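Observations on the three-dimensional arrangement
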Amino acid sequence: DESPLLRPVMAALAPHTGRAHVVGLTGAPGVGKSTSTNALIGALRAAGRTVGVLAVDPSSPFSGGALLGDRIRMQDHAADEGVFIRSMASRGHLGGLSFTTPQAVRVLDAAGFDVVLVETVGIGQSETVVAAMVDFFLVLMLPGAGDELQGIKKGVLEMADLIAVNKADGGNVPAARTAVRDYSAALRLTQPTSPTWTPPVMTCSGQTGDGLDDLWGRIADHRSLMTATGEREDRRRAQRLAWMWSMVEDRLLDSLRGDPAVLGLLGVAEAEVLDGLTTPSAAAERLLAAFGG
Ligand code: GDP
């Protein structure tokens, strides 16, 4: 998954990385990720910040190029050299994204973008992958729907550094306030992402821009706090180690699956396990012994 050609490039970039504020953004399809991202880009540009956006889409059948979301957003920011937007799709192969997305983040970081937004749809495991590579993880929710209704897993709440109930405009405002209370209650039952940070739950509207200044203010507060307590560096250190291990695991599994001795046993072992003729653990022992031998 990681091209050997890329390795020296990433090594050369490494000394120039670490400055960007890397913010992940997730939410169900239609929650308003594109709209909010567009509005946030506008606000950050007005404040003189440069912004890179990576839209990670594990479900997309496209292998690159401009997706629809790109084109919509590019209309506002196409001529702006301080903005770079790219979609990363993987035809459903999440493993690929978990290696290529952090590398793309590092490239934008080294290129000098002040803020790198990594946006992903809240389906499958992509939010877990994104949460593991960012300084701050923002979860967008819809008003008027409890977490069961939205199919949001408890795991997403555990990863959230902030929950924003979007579309809090017009007639949605009362439902959005109710949702804020519901998510605040739900968050009290989960383990926070940091001992010093209580994830705020707030309303916003990507459409009217209401609440977005406050939202970014909280993200900036989080950065100041995490820098001061040393947790920003701790989180990055832990992420680097986790990345190393996921690469080791991936490569080990690849070489195991491609090992001739293992391949010779695999068909029979799988069939015997399926038919209950061998226990899973006995079959695993045999495969691992063949791999080691
Ligand atoms: P995404 O799939 O999460 O990227 O969602 P989009 O940004 O594409 O928005 C989905 C739909 O919701 C679009 O029709 C938007 O115009 C609408 N939408 C997005 N944000 C808001 C908002 O803050 N308020 C309202 N009322 N509609 C919104």
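Since the model is a prediction, treat every value here as computed from it, not as a measurement. (Residues numbered from 1 in each chain as written. Predicted model: local features only at pLDDT ≥ 70, side-chain atom pairs only at ≥ 80, totals over all residues. Heavy atoms only, no water.)

Details of the packing of helix 8 (residues 212–229) against helix 9 (residues 231–258)
To keep it simple, the criterion reads: Angular values range over 0 to 180 degrees, each being the angle between N-to-C directions of two axes fitted as lines to C-alpha atoms, with helices fitted over their stretch in contact. Labels follow the DSSP assignment, with helices taken as runs of H or I lasting at least four residues and strands as runs of E lasting at least two, numbered in each case from the N terminus. Angle categories: roughly parallel below 35 degrees, roughly antiparallel above 145, roughly perpendicular from 65 to 115, and oblique for all the rest. Contacts: residue pairs with any heavy atoms within 4.5 Å of one another. Polar here means any residue other than Ala, Val, Leu, Ile, Met, Phe, Trp, Tyr, Cys and Pro, which are nonpolar, and Asp, Glu, Lys and Arg, which are charged; Gly is therefore polar.
Close contact between helix 8 and helix 9 brings their axes to 5 Å; oriented N to C, the two are set at 85°. Here helix 8 is positioned roughly perpendicular relative to helix 9, judged by the angle of their axes. Residues His-222, Arg-223, Met-226, Thr-227 and Thr-229 of helix 8 pack against Glu-231, Arg-232 and Arg-235 of helix 9. Looking at the contact of helix 8 with helix 9 residue by residue, the classes come out as 1 nonpolar, 3 polar and 4 charged.

Regarding the site of the ligand
Cut-off, in case you're wondering: Each residue is tested against the molecule or strand, and it is near if at least one of its non-hydrogen atoms lies within 4 Å. The definition of a polar contact used here is a pair of N or O atoms within 3.5 Å, where within protein one atom must be able to donate a hydrogen and the other to accept one, and adjacent residues in sequence count solely through side-chain atom pairs. With residues, only the protein chains shown are counted as cover, and all accessible areas are computed by Shrake-Rupley using a 1.4 Å probe.
Not every one of the 14 residues close to the ligand is listed here, only the nearest: Gly-30, Lys-33, Ser-34, Thr-35 and Asp-169. The separation between an oxygen atom of the ligand and a polar side-chain atom of Lys-167 is 2.9 Å. Within the complex, 69% of the 580 Å² of free accessible area of the ligand lies under protein. Looking at the shell around the ligand residue by residue, the class counts come to 3 nonpolar, 8 polar and 3 charged.

Observations regarding a nonpolar patch on the surface
Rules: Only residues whose relative accessible area exceeds 30% and that take part in no salt bridge are eligible for patches, with like-charged residues grouped when within 9 Å of each other and nonpolar side chains (Val, Leu, Ile, Met, Phe, Trp, Tyr) grouped when within 5 Å. We define a salt bridge as a side-chain nitrogen of Lys or Arg found within 4 Å of a carboxyl oxygen belonging to Asp or Glu. Here's how the labels work: a residue is buried when its accessible area is under 20% of the maximum for its type, exposed when over 50%, partly exposed in between, all with a 1.4 Å probe on protein chains only.
On the surface, a nonpolar cluster with roughly 480 Å² of combined accessible area is contributed by Leu-241, Met-244, Trp-245, Val-248 and Leu-252. Along the polypeptide, Leu-252 turns up in helix 9. On the accessibility criterion, Leu-252 (47% relative accessible area) is partly exposed.

Quick notes on the nonpolar core
In plain terms, the rule: Residues belong to a common nonpolar core when they are buried Ala, Val, Leu, Ile, Met, Phe, Trp, Tyr or Cys residues joined through side-chain atoms within 4.5 Å.
Counting 34 residues, the largest nonpolar core has Val-118, Ile-163 and Tyr-183 as the members making the most contacts within it. Elements with a minimum of two residues in this core: strand 2 (51–57), helix 4 (94–110), strand 4 (115–121), helix 5 (126–131), strand 5 (136–141), helix 6 (154–159), strand 6 (162–165) and helix 7 (173–188). Per-element accounting of this core gives the leading share, 6 residues, to helix 7. With residues up to four places along the chain from it excluded, the contact list for Val-118 reads Val-22, Val-23, Gly-24, Leu-25, Leu-54, Val-56, Thr-101, Val-105, Val-130 and Val-134. By size, the runner-up hydrophobic cluster in this structure holds 25 residues, among which are Leu-25, Ile-85, Met-202 and Ile-219.

Side note on the packing of helix 10 (residues 260–274) against helix 11 (residues 280–292)
Axis separation between helix 10 and helix 11 bottoms out at 9 Å; the angle between their running directions is 175°. When the axis of helix 10 is compared with that of helix 11, the two are roughly antiparallel. Contact residues: helix 10 offers Ala-261, Val-262, Leu-265, Leu-266, Ala-269, Glu-272 and Val-273, while helix 11 offers Pro-280, Ala-283, Arg-286, Leu-287, Ala-290 and Phe-291.

Here we look at the pattern of salt bridges
Enumeration according to the criterion identifies 8 salt bridges in this entry. Where salt bridges share partners, they join Asp-135, Arg-232 and Arg-236 into one cluster.

Let's talk about the packing of aromatic side chains
The line we're drawing: To pair, rings of Phe, Tyr and Trp, with the six-membered ring standing in for Trp, must have centres within 6.5 Å; the planes then decide the type, stacked if under 30 degrees apart, edge-to-face if over 60, and tilted in the middle.
Inspection of the entire model under this criterion finds 2 aromatic pairs. Relative to Phe-113, the ring of Phe-84 lies with its centre 6.4 Å away and its plane at 45°, an arrangement referred to as tilted. Residue Phe-84 is found in strand 3 (residues 83–89), and its partner Phe-113 is found in the loop between helix 4 and strand 4; the two are separated by 29 residues along the sequence. Ring centres of Phe-136 and Trp-197 lie 6.5 Å apart, and the angle between their planes is 75°; on these two criteria the pair is classed as edge-to-face. Taken together, the residues Phe-136 in strand 5 and Trp-197 in the loop between helix 7 and strand 7 (201–203) connect sequence positions 61 residues apart. Of the two residues examined, Phe-136 and Trp-197, each falls in the buried class.

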